[in-house]
Amino acid sequence: MSAVIESNHDDHHHGPAKGFSRWLYTTNHKDIGSMYLWFSLIMLFIGGAMAMVIRAELFEPGSQIVSPEFYNQMVTNHGLIMVFGVIMPAFVGFANWMIPMQIGAPDMALPRLNNLSFWILPAAFGILLSTFFMEGGAPNFGWTFYAPLSTEYAPPTVTFFIFSVHIMGASSIMGSINIITTILNMRAPGMTLMKMPLFVWSWFITAYLLIAVMPVLAGAVTMMLMDIHFGTSFFKAAGGGDPVLFQHIFWFFGHPEVYIMILPAFGIVSHIIETFSRKPIFGYSSMVYAIASIALLSFVVWAHHMFTVGMPIAGELFFMYSTMLIAIPTGVKVFNWLSTMFKGSLTFETPMLFSIAFVALFTIGGLSGIMLAIAPADFQYHDTYFVVAHFHYVLVPGALFSLLAGAYYWLPKWTGHMYDETLGKTHFWMSFISVNLTFFPMHFVGLAGMPRRIPDYSMQFADWNMMVSVGAFLFGLSQLLFLFIVIKCVLNGKKATAEVWEGAKGFEWTVDSPPPYHTFSSPPSMETLKA
Amino acid sequence: MKINLKSILTIILGIFAPLSFSAWSDINMEPGATQLSQEIFGLHMFVFYVCLVIGVIVLAAMAFILFQYRRKEGVKPAEFDDSKTLELTWTILFALILIGLSIPATKVMIKAYDDTEGEINILITGHQWKWQYEYIEDEVGFFSNLSTSLDKRNNLAPKDENYLLEVDEPLIIPVNTRIRFLITANDVIHSWWVPDFAIKQDAIPGFVNTGWTYVSEPGVFRGQCTELCGQYHGYMPIVVKAVSPEEYASFIIGKKEAKIQQALLTEKLWEKSELVTIGEDIYQKNCVACHQVSGAGLPPIFPALVGSDIVLNGKERQIEILMEGVQGAAMASYAEQLTEVEIAAVITYTRQAWGNDEAGDGRIVLPKEILDYKNNKL
Amino acid sequence: MSTDSSYYVPASSKLPLAMAFGLLLFVLGSGYTINNLGNEDSNAHWLLFTSFAIIWGTMFFWFGSVIKENDSGMYSDQLNQSFVWGMAWFIFSEVMFFFAFFLALGYVRLFAVPWLGGEGEKGITNILWPAFEATWPLLETPDNELFPGADHSMAMPAFNKLHTWLPFWNTLCLVTSSGTIALAESALKKGNRTFFKLWMVATLTLGYVFVFLQGFEYYEAYTHLGLTLGSGIYGTTFFLMTGFHGFHVCLGAIILTIVTIRGFGGAFSDHDHFGLAAGSWYWHFVDVVWILLVLVVYVF
Ligand code: HEA
Ligand code: HEA
Ligand code: CUA
Ligand SMILES: [Cu+2]
């Protein structure tokens, strides 16, 4: 608890502590950012391994390698881990690394809280994973945990699941408070809101989404806990409650949640496209307004996940229209990215390749989202693989690709070493081909009528499923290559320059690679930025 | 690899090559058997083509830009970063497209929600993991279970066309009749989906949802439960058979007669061996999912019936469990699903099988006792 | 926006890790405790108590070091501004937590209960519960055997009996205490420490009276009114909403107690009293939630 005033002496930078305790006790945004990133990479392999089990079971019709019960546990934990353990922490890791550097701040506003936000995650996921070894097995009710399957009919481990979600939520809320405070309070002089880098903007808005909806999720799991153990009847018709109430509360959280997983991606991709087009981003202010409108709209579309629960028709129509509206701001973003590239001077380094694939494949995922939004048609799509195809297109070549793009883009800055460009490109092409091989045929089987969350299926879906599985194994292998590239880069990549990319703009490129432990002990001036 | 149009095209074609080998119905929705399902299919195709066009425009524009504006010696990038007119144009364009989509969607929606009463009303109840159908006007009903054998599921026997999509007793409906389904559930949420009718309605415990259909041609229509409802969610198919009104009438008469027959059977004096034979059959259909063929269960959640105290010596308690179910556990009441004879038989079977007759009191249960239990409760 | 260059970045600290460890034990402890409710042999609650000890202990040291750092002048105005934003958005997230419960109550009253009772667009549901009628407060549940409804509700009684109606006194307490804490703050700003302490004690007293009355109301509900957590959705929403509010009042009262004790010990000055300010915002937030609660839970 020793308190040291460091930033009063401009010339003195105390470096990181030695040994393991550096990571345990750190208050440095870069250390914490790295821990978030490593954590999510590890979770990607765990969640990915579960996806491999799913795909192996679905390789052929008939029972293959796991029991139906274990299959459900795999699907549930795959979804939970990918959403809460991979995509979200990875974006928080980017936020930790980049926001202070991009706004010219010495660190995050509340550094100790920052470390707490991180260390909660290993605790929460450690417990979640340990439920596999407890009596009754891990949660098996889908990542959406609809009552009463997740209450009266759940395995006893649901109690641990509930409390894990509570502390995960606490972690996200503290992280978001930190991010908002940092952005509001620590910008370099002259950096007005409308001069902030787009990644900062996207996280600023995402953080608001998080503090608005994570508490609602906490409320939902609290109600579950009471229903399971204390005799209340929120979700039991016999006492005057309603199982559908759970879904309303869950999706009030859940829909904003899916945008939490894509808005920071928009930010990252905007920077990369701008850099490798060697041209300023097209329509900066409409990009900002688009993110804000997507965020606002996301609060009033939740029931598009519930078109088949038997809502009154007014509800069906309202949620159909409001959902369709989201295409407008999202379309603005897509077209602005294209216009940024238009008449640019494009080069195709690995980050750019991933970003281009992001724009193309996210658009496919977004368009299938529009099809899902058409309520009467959703009667046929709902809970089939068409939905699975939709959300993997926006999540894997969407969110995950943006993370890979961002990782390649900033790795040289973070580590001071260049990654191997040839390997990077190989990784891209392998991922690009196999991701489509995996997720595109899911549209077909979905439309042909294959329900989701089933461990076995009828004969007509056999061919495509085999292809999906092959694609999935390839995609999994490709990610092993990524791991190798990162380790190689950290250990013995070529030395990177401060600027790294010739077209790059922003405070982060004005400092060394790797940047000093405390980047800006006095705020940089806006003058140092390239126009 | 260098990107150019040719390599991109090759890849895309490569990915979709298998398309040419598969039937259209393997990759798209089918129009279905009712007017509503055909309209929804039309809506689906309309939205799909609109999205396809948008997608192709975006991707083609992108391919063009990537090709045209890749870095070239001596060509400077442009510097513009804004164009309000352009942005306004495409914003309005998007809005117009969306309005174009929402009008037909609204029309179909209103039609799908038309909820006037049917000529025949059928109450559908989802159970873990089977469907129950009751013809409300005629007061007859039955359960419908998956009939695909375990051998097929475990790859010990060849699978056929209707693998996992066949049931012991399909729902029978007459053609050219407006039929209304009242859909609910007994335990967790299920969802009743028959693609050919374009009906997918969640079955919510304690609440009733409705759907309706009007089929004009006889036929067999298959569907599945589409809401995760526990471990055998993938194994509760739906089969609906549309028949001529005459056939339907005789089906209902048959059901009614069977009901009377059943009442007579309950009074009959049964032999142990008769009960065991029926009981084994019932057990295979209803109980193996949890208690397993061997009776060993899947502890700790699903208790073993072999050597269970209740099965060995607690006849009264066992009747009670079968009739009432166990609160808070997966063990449901079978009072509605099985007839008195069947319940008596399955209890008798569990008390005789797997050496339980030696280890316990081995008492049999007569259908009459189940009837008495029911009457005492009233 | 950053203006001066001395933003204090604390050196590495063991506190966050200790807190995370406390939370880990908390999850395990409450999980095992709740799963073993009614099992005499279980020791799980000790795990839970340990976690509380760690969490509270860490908080004690954490706030202690923040106070020490502040007292030794390490904090700039900019950093204090960070605390202000932090607290403000924390309270916002708490508002959203309550929002979930208000949403639940609204849904149940507007949709679920009428549908179960045969009214509205999905009134056909009533075929499953033919004997059930929709009323609010809901004293007869759809399955009155499983969830025996309460004998009496807590709703607003006839006006002439206002003085025997506990929520009235509770509202009085809480609203007054919101005023007294504002008075305490302004007294402190004027440098009048005596009045500051006096008003703080008054606030605390009112807060504790509220908690006591609320406890008494629960006792009445369970012993005389037959209103329990198990009496269907009315009891469920009643206890959960007032309960979580009460829990937040307790938290607020603890914060204010500490603030008061520190005040008696000479802490806070007329311009530097963030602890008090944050506590008082929290208290106002609790007050606002209560007023909404009274409206939807007791009056309408
Ligand atoms: C990153 C995550 C993410 C994102 C960004 C989206 C984006 C969208 N989603 Fe998706 N969605 C999920 C993640 C996501 N979704 C998940 C995880 C589920 C399943 C949850 C579960 O059940 O487990 C789901 C499910 C889901 C459903 C429920 C389906 C069902 O269960 O029956 C629906 C229905 O409306 C839907 C719609 C949309 C729409 C309209 C968008 C829009 O935002 C898309 C907007 C984008 C575009 C439209 C493309 C670009 C625009 C243009 C090129 C302009 C021109 C276009 C037009 C004018 C149309 N989504
Ligand atoms: C951000 C989110 C995210 C991501 C990245 C993924 C990634 C993947 N998902 Fe995920 N998925 C979800 C979110 C996500 N998913 C959600 C929310 C659900 C719904 C859950 C529910 O219904 O409740 C779901 C459901 C889901 C299903 C449906 C299951 C069902 O309904 O029955 C399937 C089926 O194929 C699937 C497959 C995959 C595959 C193959 C990947 C691949 O991209 C994974 C990539 C793999 C790796 C990165 C692994 C790394 C490599 C190794 C571990 C080495 C081993 C390698 C070999 C053996 C080759 N997912
Ligand atoms: Cu029943 Cu799924
Ligand atoms: Cu959504």
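Described below are features of the structure shown in this document.

All names here are of chain A. Looking at the metal site, the copper ion (ligand 4) is ligated by His 255 (ND1), His 304 (NE2) and His 305 (NE2), spaced 1.8 to 2.1 Å from it. When the donors of the copper ion (ligand 4) are listed by position in the chain, the intervening gaps give H-x48-H-H. If you look at the copper ion (ligand 4) and the iron atom of ligand 1, they sit 4.6 Å from each other. Of this pair, His 255 sits in helix 7 (residues 243-260) while His 305 sits in the loop between helix 9 (284-297) and helix 10 (313-325); the two residues are 50 residues apart in sequence, bridging distant segments of the chain.

Looking now at the interface of chain C and chain A. At the interface, 75 residues of chain C touch 83 residues of chain A. When chain C packs against chain A, the two sides together hide about 6,800 Å² of surface, and 73% of this comes from carbon and sulfur. Here chain C and chain A share 1 salt bridge between them. A salt bridge links C:Glu69 to A:Arg112; the shortest N-O distance between them is 2.9 Å. At the junction of chain C with chain A, the criterion picks out 13 residue pairs in polar contact (both at pLDDT 80 or more). Among the elements that make up the side of chain C that touches chain A, the one with the highest residue count is helix 3 (residues 77-116) of chain C (23 residues).

What follows covers the site of ligand 1. As a matter of local geometry, ligand 1 sits amid 31 residues, with A:Tyr259, A:Asp378, A:His382, A:His390 and A:Arg452 nearest to it. Near ligand 1, residues from chains A and B are present, making the site a shared one. At a separation of 3.3 Å, an oxygen atom of ligand 1 approaches a polar backbone atom of A:Ala373. Taking A:Asp378, its side chain carries an N or O atom lying 2.7 Å from an oxygen atom of ligand 1. When residues of the shell around ligand 1 are traced back to their parent elements, those giving at least two are helix 7, helix 11 (327-341), helix 12 (350-373) and helix 14 (385-415) of chain A together with helix 2 (35-68) of chain B. The element contributing the most residues to the shell around ligand 1 is helix 12 of chain A, with 7 residues. A per-class count over the shell around ligand 1 returns 19 nonpolar, 10 polar and 2 charged.

So, about unusual backbone geometry. Residues A:Ser513 and A:Pro514 are joined by a peptide bond in cis, for which omega reads -10°. With respect to the secondary-structure elements, A:Pro514 resides in the segment after helix 16 (462-492). Going from B:Gln128 to B:Trp129, the amide bond is cis rather than trans, its omega being -5°. The topology assignment puts B:Trp129 in the loop between strand 1 (120-127) and strand 2 (130-135). In the Ramachandran plot, A:Phe145 falls in the positive-phi region, its phi being about 25° despite a non-glycine side chain. For A:Phe145, the location among the structural elements is in the loop between helix 4 (111-130) and helix 5 (158-185). With a relative accessible area of 2%, A:Phe145 lands in the buried category.

Rules used throughout
Residues numbered from 1 in each chain as written. Chains lettered and ligands numbered in written order. Predicted model: local features only at pLDDT ≥ 70, side-chain atom pairs only at ≥ 80, totals over all residues. Heavy atoms only, no water. Donors = N, O, S within 2.8 Å, 3.2 Å for Na, K, Ca; no water. Helix = DSSP H or I, 4+ residues; strand = E, 2+ residues; numbered from the N terminus. Contact = heavy atoms within 4.5 Å. Buried area = accessible area lost by both parts, 1.4 Å probe. Salt bridge = Lys/Arg side-chain N within 4 Å of Asp/Glu carboxyl O. Polar contact = N/O pair within 3.5 Å; in protein donor to acceptor, adjacent residues only side chain to side chain. Near = heavy atom within 4 Å. Nonpolar A, V, L, I, M, F, W, Y, C, P; charged D, E, K, R; others polar. Buried < 20%, exposed > 50% of the residue type's maximum accessible area, 1.4 Å probe, protein only.

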